[in-house]
Amino acid sequence: MFILTVIKLLLIALNIFPSRFTNRRIMFFIYMTNLVTHVMMDEPRFAQPIPNVTVAVGRDANLPCVVEHLGGYKVAWIHIDRQMILTIHRHVISRIPRYSITYTDNTWLLHVNQAHQDDRGYYMCQVNTNPMISQVGYLQVVVPPNILDIESTPSSVAVRENQNINMTCRADGFPAPKIIWRREDGEEIAVEKKKKVLVYDGDVLPLTKVSRNEMGAYLCIATNGVPPSVSKRIILDVEFSPMIWVPNQLVGAPSGTDVTIDCHTEAHPKAIIYWVYNSVMVLPSKKYKTDYTENSYRAHMKLTIRNLQYGDFGNYRCISKNSLGETEGSIRVYEIPLPSTPSKQVTHTTVESRENNIIPSSRNDTTKSLQTDVGYAMKNDLYPGSASSSSSGGSSSAASSSSTSMQTSALPGGAAGNSLSSVGSKGSLAIGKSMFYTERPPNEYASSVAGLLLHKALLLGSGFYLALL
């Protein structure tokens, strides 16, 4: 089909068709036909173009060159980018041992073993005809990404809280890799104070005014479409001085019972945490049980005091200390009376009810019991040892009628900063920083205590008068 097309073109060029034929033109036509037939049938020609080949670095690549009717001519391979003759016919000319040549079924196959990046470029298959014929193919050598540690942020980096930091991740490869950042724990990255993203694109990750919540492991991931992708793990440490939060700063418990107090602390670098009572470090023993739970830069410290005695009441301090500073929290453990028996409370209510001819009310019992408890507890707190010395008369009645719960509403001023907690309950006072507390409550409660004691004396006097009647 190709030969017929060539003949037709020659006829048109010679103006033979559809003009009338002459002997001269017929002879020229026969000559051209023989020439074209000779060229097409006997001269070398390329049967198909050289394909473009892509191979990963270190892998083998093959470039085919299919030549028909080669005859006595020879095929040569040339690396154009290097301007280097690689092979001629079946002989390897290049001194690079990774190149080799094979021939099968009119196909001259150039082998590139363990391809390097320098092997990337154009390759020419050439036949030494006159004029020379050739065709060109391209070998693409791709390189998977590789993170350059020498140009990137170290695997662990530290920064002071509220300062700025830029974390860098550089990578090479072909094509050029794309860098993305993400947090290992899946949390968002605060690129800007008003912008948070799960994934950040770019070689440099800028973090401004870093907070302790941004502490953790960051992953720098490099991809370029050539497997495998690579990543680098960078741990960001945010350093700050210790802080302590005390949930309950006043804890009440009866003698002979166990009580647990606790503190929460945050610090980085890791802080040394311990308890102090009467200027002496508290160590684990039969008397004290310590428990420390740590999670990242947070720690929860607990102290259990067993079998409370008179010498165990007072101020306990939880202390947190690291290289950047030291802080402490104060917890006061105070004594409250043991709960009274229900029968004595009923007798007390019955005497008063007989005098006033009213049915005993549980609500009135609760109110009187609370008043007695507060008066007794405040007296015992203000004047240590007074509880033991006033065991006769009205004091014994007040002590026996006390309950286990103390409510802040019974004190002047409500619950504003003076929450008290009894055994098994927690107060409402929680302050983020340690505060200093005096050994005794403020003087503003003195008048309240005196009023409650006077009210108690009047009630006891009325009961004694009824008993005489």
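An account of the accompanying structure is given in this report. Quick caveat, the model's predicted, so the values are computed rather than measured. Residue positions are given per chain, counted from 1 along the sequence in the order it is written. Thresholds applied to this predicted model are a pLDDT of at least 70 for local features of residues and 80 or more for the giving and counting of side-chain atom pairs; totals over whole chains, interfaces and linings are not thresholded and use all residues. Excluding hydrogens and water, the side-chain figures rest on all heavy atoms present in the structure.

### Focus: the overall build of the protein
- Helix numbering and strand numbering both begin at the N terminus, where a helix is a DSSP run of H or I of at least 4 residues and a strand a DSSP run of E of at least 2. Helix and strand content of the protein: seven helices and 28 strands.
- Each residue is placed in one exposure class: buried if its accessible area under a 1.4 Å probe, protein chains only, is under 20% of its type's maximum, exposed if it is over 50%, and partly exposed if it falls in between. Within the protein, the fraction of its 469 residues that count as buried is 38%.
- Here a residue-residue contact requires only that any non-hydrogen atoms of the pair lie within 4.5 Å. Pairs at least 24 apart in sequence give 63% of the contacts found in the protein among residues at least 6 apart.
- Accessible surface is estimated by sampling points in the Shrake-Rupley manner with a 1.4 Å probe; for residues, cover comes only from the protein chains shown. Carbon and sulfur atoms provide 55% of the accessible area of the protein, an area that totals close to 27,100 Å².

### Describing the sheet that holds strand 7 (residues 99-104)
- The four strands lie next to each other as 1-3-8-7, forming an open sheet whose pairing is antiparallel. Each having just a single partner strand, strand 1 (45-48) and strand 7 make up the two edges of the open sheet. Across the sheet, the axes of successive neighbouring strands diverge by a mean angle of 30°, strand direction being ignored.
- Direction of pairing for strand 1 relative to strand 3 (residues 61-68): antiparallel, over a ladder of three bridges. Looking across to strand 3, one finds that Q48 is bridged to V66. Strand pairing is assigned whenever DSSP detects at least two bridges linking the two strands. Orientation is described by lines fitted to C-alpha atoms, with helices fitted over the stretch in contact, and by angles between N-to-C directions that extend from 0 to 180 degrees.

### Side note on the pattern of salt bridges
- Throughout this description, the term salt bridge denotes a Lys or Arg side-chain nitrogen within 4 Å of a carboxyl oxygen of Asp or Glu. Under the definition given, this model contains 14 salt bridges.
- Residue E184 is joined to R233 by a salt bridge in which the shortest nitrogen-to-oxygen separation is 2.8 Å. Of this pair, E184 sits in the loop between strand 14 (178-183) and strand 15 (189-192) while R233 sits in strand 20 (residues 230-245), placing them 49 residues apart in sequence.
- With a relative accessible area of 43%, E184 lands in the partly exposed category.
- E326 serves as the salt-bridge partner of K321, at 3.9 Å between the closest nitrogen and oxygen.
- On the basis of relative accessible area, K321 is assigned to the partly exposed category, the value being 32%.

### Observations concerning the side chain of T265
- Inspection of the secondary structure puts T265 in strand 22 (residues 259-268).
- Look at T265 and you get buried, because its relative accessible area is 4%.
- Any N or O atom pair separated by 3.5 Å or less is treated as a polar contact, with the protein-specific requirement of one donor-capable and one acceptor-capable atom, and with residues adjacent in sequence counted only for side-chain atom pairs. A distance of 3.1 Å separates a polar atom in the side chain of T265 from the backbone oxygen of M243.
- Residues contacting T265, with those up to four places away along its chain left out, are M243, I244, I273, Y297, R298, A299 and S320.

### Overview of the environment of E188
- With respect to the helices, strands and loops of the structure, E188 is situated in the loop between strand 14 and strand 15.
- Overall, E188 belongs to the partly exposed group, its relative accessible area being 40%.
- A sequence separation of eleven residues divides E188 from V199, and the C-alpha atoms of the two residues are 7.8 Å apart.
- When near neighbours in sequence (up to four residues on either side) are disregarded, E188 contacts R183, K196, V197 and L198.

### Some details on the side chain of Q140
- Structurally, the position occupied by Q140 is in strand 10 (residues 133-147).
- In terms of polar contacts, Q140 uses its side chain to reach the side chain of R120, at 2.9 Å.

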